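# What the coordinates show
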Amino acid sequence: MSSQAFKAIVVGGGPVGLTAAHSLSRANLDFVVLESRPRIVLDAGSNLVLLPIGLRVLSQLGLLPAIERASSPMDRFRRIDHKGRDIGDTLWFTYFKENHGAYPRVISRHDLMQILHDGLPIEAQAKLLPNKKVTCVSTGTDGVIVTCADGTTYTGTIVVGADGAHSTVRNQMRVAALQTTSGDLRANEEKPFLTTYRSMWIRFATVPPIKPGDASETHGYDCTLQLFAGEETSVIGIYERMEEPSRDSSRYTEADEHAFISRWGHLPIIEGGMTIADAYTSRTQAGMVNLEEGILKHWSFDRIVLVGDAAHKFTPSTGAGCNNGIVDVVALANELYHAFRAVRDAEGETAFPDKLHILAAFNEYQQARFATVKDGLEGASQATGAATWSDMTHRFVDRHILSRQSLVKFFASRNAPVVAKTPVFEYVEGEEQMIGKFPWAYPIKESGL
Ligand SMILES: Cc1cc2nc3c(=O)[nH]c(=O)nc-3n(C[C@H](O)[C@H](O)[C@H](O)COP(=O)(O)OP(=O)(O)OC[C@H]3O[C@@H](n4cnc5c(N)ncnc54)[C@H](O)[C@@H]3O)c2cc1C
């Protein structure tokens, strides 16, 4: 048992960091979330598809009614080629509903963040601190010290790195691991993610011929795009194969955006409708990013643990990156809950787990998530590869084989038992809202049980 109270320092107030805030608040554990941006809820970023695995967690947290009001369900996925010709719809989303009881829903990042923020109790909202860019993390026998660019420091028991693909916490974790004698074995690679595709995303008002809930993909050589139409705004993500894969990060300028539009602006977004250039002209926001891919070998070191994009990075093709980050938080919270229960059952309700038990919980968390995340990541990579044809074989398979509904149904059913094993918070009471053909392996704890 530890004699010291527990406090988590969460670095990064993105969707995964805010889910971590919910998990800690529900467990009555002290925490602070340090976010580098000037506000927690910003009107910036792409739209996100929430899959049943993420939706179910948000539903357990009581956020489903707000999510449903701000998002649109998606059913059929239209697929066309670069010339706007039909290459066969796909019914993935229909099978999600059939198997797991919910259609995926598209929501703007802003609305998701607002809902996650507003769903926290007022005293927990006060623990979300903007303008706190973390620069240094140091661990000791008794706890952690986190330093921000403004010179402030925060002390706690653990650091949860939810600071995204370019994570500072991940870098600090590597530095700490390398300082130990077995450092080479315990440290991650300096540049763990490989980029094969760059992306431009464009947000614009949802206006006819596009309507809320529309989902469409345009496939072809070296470039693919996805459209997800929300209630108010739609987003297209355009994924372009790079000349050479790279492990370096890139910053893109407006000139890069214009060059991108001159390469791909002519591509149709939907059959007989708008082009990428039309969407760019009427954009409310746009951005270019690298689509890093990869999974870390080590998700924790000492008192530091990583969740979400800091630990693994997917291409967006299967809409799984953020959803998996949300589930990471659940798995981590459950392992910490086990550590708390073990010590409290033995020593009373005011006891806290010691460092050894916390580190064991971190290891269990990685073990619980690693294989599923790796499979999901590979699936996303294959989906992006199949849509950005690199040769005639790819083209043939995509046009004539992947469009077969029997095959899609087969893969959806094969994947369903894995999806059904997605965890929910063991200590949060709620009501099951999603019932499909494949029963969830871990039921939501009912009130009063
Ligand atoms: C075009 C596109 C479309 C996508 N579509 C989907 C989708 O449909 N479904 C899906 O599940 N996923 C999707 N994703 C992936 C999804 O955006 C990410 O997986 C998700 O945002 C990860 O959340 P996160 O909180 O881990 O990281 P982030 O969203 O990156 O948030 C990290 C936060 O940490 C803050 N931060 C960073 N460094 C520091 C620091 N040093 N100190 C303090 N704060 C810091 C950042 O400001 C940020 O707020 C898409 C991605 C892209 C690029």
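Being a predicted model, the structure only gives us computed values, none of them experimental.

## Here's the deal with the side chain of Gln-285
Structurally, the position occupied by Gln-285 is in strand S16 (residues 283–295). For Gln-285, a relative accessible area of 19% puts it in the buried group. Among the polar contacts listed, one links the side chain of Gln-285 to the backbone oxygen of Asp-43, at a separation of 2.4 Å. A polar atom in the side chain of Gln-285 sits 3.3 Å from the backbone nitrogen of Gly-45. Each residue touching Gln-285, except ones within four places of it in the same chain, is listed here: Asp-43, Ala-44, Gly-45, Trp-201, Ile-202 and Arg-203.

## Examining the pairing of strand S1 (residues 7–11)
The element S1 is largely enclosed, with a buried count of four among its five residues. Tracing the backbone out of S1, into helix H1 (residues 15–26) and back to the parallel element strand S2 (residues 30–34) gives a crossover that is right-handed. As paired elements, S1 and strand S11 (residues 158–161) share four bridges and run parallel to each other. In the sheet register, Ala-8 faces S11, and the bridge partner there is Ile-158.

## A short note on the sheet that holds strand S13 (residues 215–219)
Read across the open sheet, the seven strands follow the order S5-S13-S14-S15-S12-S16-S19; overall the sheet is mixed. Edge positions in the open sheet fall to strand S5 (77–81) and strand S19 (312–313), since each of these has one partner strand only. Here S13 runs beside strand S14 (residues 223–229); their pairing, made up of four bridges, is antiparallel. Residue pairing across strands places Glu-217 opposite Gln-226, the latter belonging to S14. Relative to the sheet, helix H12 (residues 355–387) contacts strand S12 (194–205), S13, S14, strand S15 (233–246), S16 and S19, its axis offset from that of S16 by approximately 125°.

## Here's the deal with the UniProt feature "domain: FAD-binding" (unreviewed entry) in the protein
Mapped onto the present numbering, the UniProt feature "domain: FAD-binding" (unreviewed entry) falls at residues 7–341. Taken end to end, residues 7–341 comprises 31% helix and 31% strand; its first and last C-alpha atoms sit 17 Å apart.

## Points about the nonpolar core
Counting residues in each nonpolar core, the largest one holds 97 residues, and the members touching the most others are Phe-6, Ile-67 and Phe-425. For this core, the leading source of residues is helix H11 (residues 321–347), giving 11 residues. Discounting chain neighbours no more than four positions away, the residues touching Phe-6 are Leu-24, Leu-29, Asp-30, Thr-157, Ile-158, Phe-340, Phe-352 and Ile-358. Within the second largest apolar cluster, 21 residues are counted, among which are Cys-223, Ile-236, Ile-269 and Tyr-280.

## Description of the pattern of salt bridges
Throughout the structure, instances matching the rule amount to 24 salt bridges. Across the pair Asp-89 and Arg-78 runs a salt bridge whose closest N-O atoms are separated by 2.1 Å. Of this pair, Asp-89 sits in the loop between S5 and helix H4 (92–100) while Arg-78 is found in strand S5, placing the two residues 11 residues apart along the sequence. Looking at Asp-89, the relative accessible area reads 12%, which means it is buried. Owing to a relative accessible area of 28%, Arg-78 belongs among the partly exposed residues under this scheme. The partner of Glu-240 in a salt bridge is Arg-198, with the nearest N and O atoms 2.6 Å apart. Highlighted residues: Glu-240 in strand S15 and Arg-198 in strand S12, separated in sequence by 42 residues. One exposure class covers both Glu-240 and Arg-198, and it is buried.

## Describing helix H2 (residues 52–60)
In terms of burial, H2 is largely enclosed, as nine of its nine residues are buried. Along H2, the residues classified as buried are Pro-52, Ile-53, Gly-54, Leu-55, Arg-56, Val-57, Leu-58, Ser-59 and Gln-60.

What counts and how
Residues numbered from 1 in each chain as written. Predicted model: local features only at pLDDT ≥ 70, side-chain atom pairs only at ≥ 80, totals over all residues. Heavy atoms only, no water. Helix = DSSP H or I, 4+ residues; strand = E, 2+ residues; numbered from the N terminus. Buried < 20%, exposed > 50% of the residue type's maximum accessible area, 1.4 Å probe, protein only. Polar contact = N/O pair within 3.5 Å; in protein donor to acceptor, adjacent residues only side chain to side chain. Contact = heavy atoms within 4.5 Å. Right-handed = clockwise from strand over helix to strand, strands pointing away. Pairing = 2+ DSSP bridges. Axes fitted to C-alpha atoms, helices over the stretch in contact; angles between N-to-C directions. UniProt positions renumbered as here; feature names shortened; annotations may be inferred. Core = buried A, V, L, I, M, F, W, Y, C linked by side-chain atoms within 4.5 Å. Salt bridge = Lys/Arg side-chain N within 4 Å of Asp/Glu carboxyl O.

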